[in-house]
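Read off the chains here:
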Amino acid sequence: MTDVSAVVVGSGPSGCAAALALHERGHSVMLIGDSRVRRSWAGEALPPGAGDLVRSLFGEEALDSAVHREAHGSQGAWGSDELVLTDFIANPLGDGWHLDRSAFDAGLTEIVERRGVEVVRARATNPEPIADGWSLDAADRSITGAWLVDASGRGGPLVPGAQSRRTRFDKQMALIAVAHAKPSALAYTTIEAVSDGWWYSTPLPNGRAVVALMIDRDQAPPASERAIWWRVRLDQTRHIGGLVELDDRVAINAYPAETSCRKQLNGHNWAAVGDSAITWDPLSSQGTITGILMGSRLGTAIADAADGDSAGISEWERDYRMLLEEHLSLRQHYWEQEQRWPESKFWSRRCGQPQEDSLRGPLPEA
Ligand SMILES: Cc1cc2nc3c(=O)[nH]c(=O)nc-3n(C[C@H](O)[C@H](O)[C@H](O)COP(=O)(O)OP(=O)(O)OC[C@H]3O[C@@H](n4cnc5c(N)ncnc54)[C@H](O)[C@@H]3O)c2cc1C
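In this convention, every chain numbers its residues from 1, walking through the sequence in written order. Residues qualify for local features only when their pLDDT is at least 70, as the model is predicted, and side-chain atom pairs are given and counted only at 80 or more; totals for whole chains, interfaces and linings, by contrast, use all residues.

### Quick notes on the overall build of the protein
Turning to step 1, where the next piece is worked out: Helix and strand labels come from DSSP, where a helix needs a run of H or I of at least four residues and a strand needs a run of E of at least two; each type is numbered from the N terminus. A count of helical and extended segments in the protein gives 7 helices and 22 strands.
Turning to step 2, where the next piece is worked out: Each radius of gyration reported is based on C-alpha atoms, and the globular scaling rule is 2.2 Å times the count of residues to the power 0.38. Here the protein has a C-alpha radius of gyration of 21 Å; the compact-globule value for 366 residues is 21 Å, and the two agree.
Turning to step 3, where the next piece is worked out: When its C-alpha atoms are laid out on the principal axes, the protein stretches across 60 × 50 × 40 Å.
Turning to step 4, where the next piece is worked out: Distance between backbone-placed C-beta atoms decides contact: two residues are in contact if it is within 7 Å. Summarising the internal contacts of the protein: among those between residues at least 6 apart in sequence, 71% fall at separations of at least 24.

### Thoughts on the sheet that holds strand β22 (residues 278-279)
Turning to step 1, where the next piece is worked out: At least two DSSP bridges between two strands are required for those strands to pair. The sheet built from 3 strands is open, its strands ordered β12-β19-β22 with antiparallel pairing. Each end of this open sheet is capped by a strand with a single partner; those strands are β12 (166-168) and β22.
Turning to step 2, where the next piece is worked out: Where strand β19 (residues 260-262) and β22 come together, 2 bridges link them in antiparallel fashion. Within β22, the residue paired with Ser260 across the bridge is Thr279.

### A word on helix α1 (residues 13-24)
Turning to step 1, where the next piece is worked out: Taking 1.5 Å of rise per residue, the 12 residues of α1 would be expected to cover 16 Å, and the 16 Å separating its terminal C-alpha atoms lies within 8% of that figure.
Turning to step 2, where the next piece is worked out: Burial is judged by counting other C-beta atoms within 10 Å of a residue's own C-beta: 20 or more means buried, 12 or fewer means exposed, and anything between counts as partly exposed, with every C-beta placed from the backbone. Inspection of α1 places Pro13, Ser14, Gly15, Cys16, Ala17, Ala18, Ala19, Leu20, Ala21, Leu22 and His23 among the buried residues, and these make up the whole buried set.
Turning to step 3, where the next piece is worked out: Count one or two residues on from α1 and you reach Gly26, which has phi positive near 90°. One less than the residue count of a helix, multiplied by 1.5 Å, gives the span that helix is expected to have.

### A few points about the site of the ligand
Turning to step 1, where the next piece is worked out: What surrounds the ligand is a group of 38 residues, the closest being Gly10, Gly12, Gly153, Gly274 and Gly287.
Turning to step 2, where the next piece is worked out: Contributing elements (two or more residues each) for the shell around the ligand: α1, β2 (29-33), β3 (43-46) and α5 (287-306).
Turning to step 3, where the next piece is worked out: The element contributing the most residues to the shell around the ligand is α5, with 4 residues.
Turning to step 4, where the next piece is worked out: Three classes are used, and their members are as follows: Ala, Val, Leu, Ile, Met, Phe, Trp, Tyr, Cys and Pro are nonpolar, Asp, Glu, Lys and Arg are charged, and the others, Gly among them, are polar. Considering only residue class, the shell around the ligand consists of 15 nonpolar, 18 polar and 5 charged. Working rule for contacts: place C-beta from the backbone, and if it is within 6 Å of a molecule or strand, that residue counts as near it.

### Thoughts on the packing of α1 against α5
Turning to step 1, where the next piece is worked out: Close contact between α1 and α5 brings their axes to 7 Å; oriented N to C, the two are set at 30°. As summarised for this structure, α1 and α5 are arranged roughly parallel, according to the angle between their axes. Handedness of the crossing formed by α1 with α5: right-handed. In this structure, α1 contributes Pro13, Ser14, Gly15, Ala17, Ala18, Ala19, Leu20, Ala21 and Leu22 to the contact, and α5 contributes Thr288, Gly291, Ile292, Met294, Gly295, Ser296, Leu298, Gly299, Thr300, Ile302 and Ala303.
Turning to step 2, where the next piece is worked out: Within the contact of α1 with α5, the residues separate by chemical class into 12 nonpolar, 8 polar and no charged. Axis lines are fitted through C-alpha atoms, for helices just across the contact stretch, and the angle between N-to-C directions can take any value from 0 to 180 degrees. Angular relationships are summarised with four words: roughly parallel below 35 degrees, roughly antiparallel beyond 145, roughly perpendicular across 65 to 115, and oblique for the angles in between. Take the far helix as the reference: if the near one is turned anticlockwise from it by less than a right angle, the crossing is left-handed, and if turned clockwise, right-handed.

### Looking at the sheet that holds strand β7 (residues 96-100)
Turning to step 1, where the next piece is worked out: Across the sheet, 3 strands lie side by side as β3-β7-β4; this open sheet has antiparallel pairing. At either end of the open sheet lies a strand with only one pairing partner, and these are β3 and β4 (69-71). Averaged over all pairs of adjacent strands, the angle between their axes in this sheet comes to 30°, without regard to strand direction.
Turning to step 2, where the next piece is worked out: Looking at chain direction, β4 and β7 are connected through 3 bridges and run antiparallel. Bridge pairing links Glu70 to Trp97 in β7.
Turning to step 3, where the next piece is worked out: Running over the sheet, helix α3 (residues 101-114) touches β3 and β7 and is turned about 90° from β7.

### Overview of unusual backbone geometry
Turning to step 1, where the next piece is worked out: Residues other than glycine seldom take positive phi values, yet Asp140 does so here, at roughly 60°.
Turning to step 2, where the next piece is worked out: As for its placement among the helices and strands, Asp140 is situated in the loop between β10 (133-138) and β11 (141-150).
Turning to step 3, where the next piece is worked out: Phi is positive for Asn269, close to 60°, though the residue is something other than glycine.
Turning to step 4, where the next piece is worked out: Along the chain, Asn269 falls in the loop between β20 (266-267) and β21 (270-272).

### Re the nonpolar core
Soluble globular proteins tend to bury their nonpolar side chains together.
Turning to step 1, where the next piece is worked out: Remark: nonpolar core denotes a set of buried Ala, Val, Leu, Ile, Met, Phe, Trp, Tyr and Cys residues whose joining runs through C-beta atoms within 7 Å. Val7, Val8, Ala18, Ala19 and Val149 are the most contacted members of the largest nonpolar core, which totals 61 residues.
Turning to step 2, where the next piece is worked out: Counting 31 residues, the second-largest nonpolar core is a separate cluster that includes Ala185, Val194, Leu204 and Ala212.

### Description of the environment of Val273
Turning to step 1, where the next piece is worked out: Along the chain, Val273 turns up in the loop between β21 and β22.
Turning to step 2, where the next piece is worked out: Each C-alpha atom, one on Val273 and one on Leu293, is 9.9 Å from the other, the two residues being 20 residues apart in sequence.
Turning to step 3, where the next piece is worked out: The contact partners of Val273, leaving out residues within four places of it in the chain, are Ser14, Ala18, Val149, Ala151, Gly291, Met294, Gly295 and Leu298.

### A look at helix α6 (residues 311-336)
Turning to step 1, where the next piece is worked out: Between the first and last C-alpha of α6 there are 38 Å, a value that for 26 residues agrees with the 38 Å anticipated at 1.5 Å per step.
Turning to step 2, where the next piece is worked out: Of the positions making up α6, those classed as buried are Trp316, Tyr320, Leu324, His327 and Trp335.

### What to know about the confidence of the model for the protein
Turning to step 1, where the next piece is worked out: A residue's pLDDT is simply how confident the predictor is in it, with values from 0 to 100. With 92% of its residues at a pLDDT of 70 or more, the protein has an overall mean of 91.
Turning to step 2, where the next piece is worked out: Across the protein, α1 holds the top mean pLDDT of 98, while β3 sits lowest at 88.
Turning to step 3, where the next piece is worked out: Here residues 354-360 scores under 50 on pLDDT; set against residues more than four positions off or in separate chains, the count is 8 contacts.

Laid out in structure tokens, this is it:
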């Protein structure tokens, strides 16, 4: 007999959604989240329509407009030098959101805790399969669950061994800073393609903005030269550089930002969800809401499986993989709109003639 029906590791958006769905189906759940492991980029965008899903699952309070800001459009210079505004007023799904991600994650965790999910604020270690489920350690104790949900994000994986191998579809990484936003940067997420890759800026609710350059990891400068290299390129942009002001000693941090998928999304009494399962190109602003959607669906599918009907897990996996296929074909469509730099390694890999190190297919396994 295990302590709980399911242990969910990772209290990011996908883990919170999975834990809540299981709890609402009457299953005992423990959500283990390590608040010390926090991303260093603070802001992200949710696309139109995402707010409705977030509020339908977590309630109105999950998107408090005193903390997060509604996004009424986005703008991009992609395929041409001109900055084009897409106003969400014409979007039937309505507005998007600019999130304070730390506050968003903490808010979701508090909501699921108030609804009755047991939350343990600690790091989970030593996951091991046992006869009737899984055991792991957290907060100086051993915890057992009939199911393990690995929602530990990109930094995972929690489930060890071959089950964690991933297919990586590109080599993209992000070089990110937080800057003072000029008023023109506060209204919209802005994207600008450049010869080395592409930039984005996303406003934060506190008058600052996240500014990031996306490049391929094998084209990145050594860490010791990164800050100057990054600032020179920011100064060369047509649009993004004019939206922000940087402190002289601003930190430029590097993060993986490739699209990838675990070989195995689920196995014997375990499943991975959110970034732990599939990571999406940040160009899509799809990661957080897909993690929430598929986390919630996974929780329901596990509840069904515990009640003797495991078909839901297969449907969940099929749909998850279908979303990835759609994502890969949509981003190929966007890449092919950018034809200005045929000599650039970043762009020729994505939309030039196929070549030896083309990124159209999966890279070798990690
Ligand atoms: C550069 C960049 C920009 C992005 N911009 C956007 C955007 O604008 N919009 C968007 O929707 N998405 C964006 N994404 C994607 C988005 O950040 C992720 O898809 C999303 O955070 C996934 O949520 P998650 O809950 O799966 O994982 P995470 O948010 O990573 O949460 C995982 C949690 O698990 C915890 N954890 C890990 N290991 C353990 C452990 N052993 N024990 C306990 N806890 C553990 C971590 O501390 C973390 O809190 C971006 C990604 C990148 C790389």
